[in-house]
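Residues per chain are reported as follows:
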Amino acid sequence: LEAAPGAARRGGRARGRDVIDADAVRHEIDLDAPPEVVWRYLTETALLSQWIGISAELDPVVGGAFRFEIVPGEWCEGRYVELDPPRHLIVTWGWTTPSFRLPPGTSRVTFELTANGAGTRLALVHDHLPGELRAIHDDGWTRFLPALAQAVECAPRVERGGSDQPWGVSEICPGCRVADRPAR
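The rules behind the values
- Counting from 1, residues in each chain are numbered in the order their sequence is written.
- In view of the model being predicted, local features appear only for residues whose pLDDT reaches at least 70, and side-chain atom pairs are presented and counted only at 80 or more, with totals across whole chains, interfaces and linings using the full set of residues.
- Derived side-chain values reflect all non-hydrogen atoms in the structure, with water molecules and hydrogen atoms excluded from consideration.
- Whenever Lys or Arg places a side-chain nitrogen within 4 Å of a carboxyl oxygen from Asp or Glu, that contact is recorded as a salt bridge.
- Each residue is placed in one exposure class: buried if its accessible area under a 1.4 Å probe, protein chains only, is under 20% of its type's maximum, exposed if it is over 50%, and partly exposed if it falls in between.
- Helix and strand labels come from DSSP, where a helix needs a run of H or I of at least four residues and a strand needs a run of E of at least two; each type is numbered from the N terminus.

Asks: Which residues make up the pattern of salt bridges, and what are the values?
Replies: Where charged atoms from two side chains of opposite charge approach closely, those side chains can pair. Summed over all chains, the structure comprises 7 salt bridges. Ionic pairing is found between R40 and E44, a salt bridge with its closest N-O pair at 2.7 Å. Relative accessible area serves as the criterion here: at 29%, R40 is assigned to the partly exposed category. Of the charged contacts, one joins E57 and R67 as a salt bridge, the two residues approaching to 3.3 Å between their closest N and O atoms. Remark: R67 occurs in strand β5 (residues 65-71) and E57 occurs in strand β4 (residues 55-58); sequence separation between them is 10 residues. The class of E57 is partly exposed, set by a relative accessible area of 43%. In this structure R67 comes out as partly exposed when scored by relative accessible area, which is 21%. Sharing partners across several salt bridges, the network here consists of E57, R67 and E77.

See the structure below:
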């Protein structure tokens with residue numbers, strides 16, 4: 001079953017099609033930041049919360065906790081399984097809310113980061129999902145990966161490793177959800 005082509009917003013460019021297949025939900029997106037910056041948005045509490053959820057508790061070591069609050073009182077939880085900075089990350093994934101029918105640690109998300117010029121191609125595979133939950137997780141990744149693209153685009157130039165960006169560290173980006181991010 002194929003989902004709609006991935007939507008791209010401000011800096012994230014969908015590549016190919018997002019797919020739900022017999023085993024997994026798969027997405028690819030090109031991001032306007034190097035792998036080292038994207039890695040930080042996957043493993044640092046304050047940065048993860050800028051694109052997915054409202055708060056996070058992360059311990060990015062093998063076996064460490066991976067936990068974020070998507071909306072008040074609803075937590076996604078898992079553990080870090082593999083980390084190869086800044087290229088490869090696997091976490092287990094599930095929800096503390098019983099009605100979601102996916103207990104913490106039940107499914108698995110793999111992030112592959114590949115340098116692509118000055119940016120990064122992110123390939124995501126979310127597997128071990130029951131069939132009836134694949135579509136809702138596909139929808140979630142279709143919404144949250146463009147939010148990641150916007151977050152890394154709005155990253156302060158210091159985080160991006162250069163001073164050639166057209167914004168300053170203390171300015172505010174009008175397109176971002178978080179007020180302490182830089183503006184253009």
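That was the structure; now back to the text.
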